[in-house]
Amino acid sequence: MDMLALILSIIGSINWGLVALFKFDLVAWLFGGQTAMLSRVVYALIALAGLWCISFLFRKNAINGDN
């Protein structure tokens, strides 16, 4: 779950970087526009992944890389 959340967060950060630098929304382009249902699902999954990644800040083993 952690790895999936991290991957989705990275995808989201790359997408926001593209929006900021080039005004290009990769998720919207791939999935049919910002208001398309599939795009909205992807945005929601990325948002949930970002919220999950907040938990990394409060885990002792996440800092050291221990399992």
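Not measured: the values here are computed from a predicted model.

A. Structural context of the overall build of the protein chain. Within the protein chain, the regular secondary structure consists of four helices and zero strands. Counted from the first residue to the last, the protein chain has its helices and strands arranged as α-α-α-α. Relative to a compact globule of 67 residues, whose C-alpha radius of gyration would be 11 Å, the protein chain shows 14 Å and is clearly more extended. Across its three principal axes, the protein chain shows a C-alpha extent of roughly 40 × 25 × 15 Å. Across the 67 residues in the protein chain, those meeting the buried criterion constitute 18%.

B. Quick peek at helix α1 (residues 2-22). Taking 1.5 Å of rise per residue, 21 residues should cover 30 Å, and α1 covers 30 Å from first to last C-alpha, within 8% of that figure. What α1 keeps buried is the set Ala5, Gly12 and Asn15. What you see down the axis of α1 is that its buried residues fit within an arc of 90°, all on one side. The exposed set on the far side of α1, more than 90 degrees from its buried face, consists of Met3, Leu21 and Phe22.

C. Molecular detail of the packing of α1 against helix α3 (residues 37-54). Between α1 and α3, the shortest axis-to-axis distance is 8 Å and the interhelical angle comes to 120°. Relative to α3, the crossing made by α1 is left-handed. Contact residues: Asp2, Ala5, Leu6, Leu8, Ser9, Ile11, Gly12 and Asn15 in α1; Tyr43, Leu45, Ile46, Ala49, Gly50, Trp52 and Cys53 in α3. Split into classes, the residues belonging to the contact of α1 with α3 amount to ten nonpolar, four polar and one charged.

Reading guide: rules and limits
- Throughout, residues of each chain are indexed from 1 in the direction in which the sequence is written.
- Predicted model: local features are reported for residues with pLDDT of at least 70 only, side-chain atom pairs are reported and counted for 80 or more only, and whole-chain, interface and lining totals are derived from all residues.
- Side-chain numbers come from the whole structure's heavy atoms, not from hydrogens or water.
- Numbering of helices and strands starts at the N terminus; helices are DSSP runs of H or I of at least 4 residues and strands are runs of E of at least 2.
- This radius of gyration counts C-alpha atoms alone. The globule rule is 2.2 Å times how many residues there are, raised to the power 0.38.
- Classification of residues uses two cut-offs on accessible area relative to the type maximum, computed with a 1.4 Å probe and protein chains only: under 20% is buried, over 50% is exposed, and between them is partly exposed.
- Given a helix with a known number of residues, its expected span is that number minus one, times 1.5 Å.
- Each C-beta atom gives one direction from the helix axis, and the arc is the one those directions make.
- Structural elements are reduced to axes, namely lines fitted to C-alpha atoms, with helices fitted over the stretch in contact, and the angle between N-to-C directions of any two is expressed from 0 to 180 degrees.
- In this scheme, a crossing is called left-handed if the near helix is turned counterclockwise away from the far one by less than a right angle; it is called right-handed if the turn is clockwise.
- Working rule for contacts: check all heavy atoms of both residues, and any pair within 4.5 Å makes them a contact.
- Think of it as three bins: nonpolar holds Ala, Val, Leu, Ile, Met, Phe, Trp, Tyr, Cys and Pro, charged holds Asp, Glu, Lys and Arg, and polar takes everything else, Gly as well.

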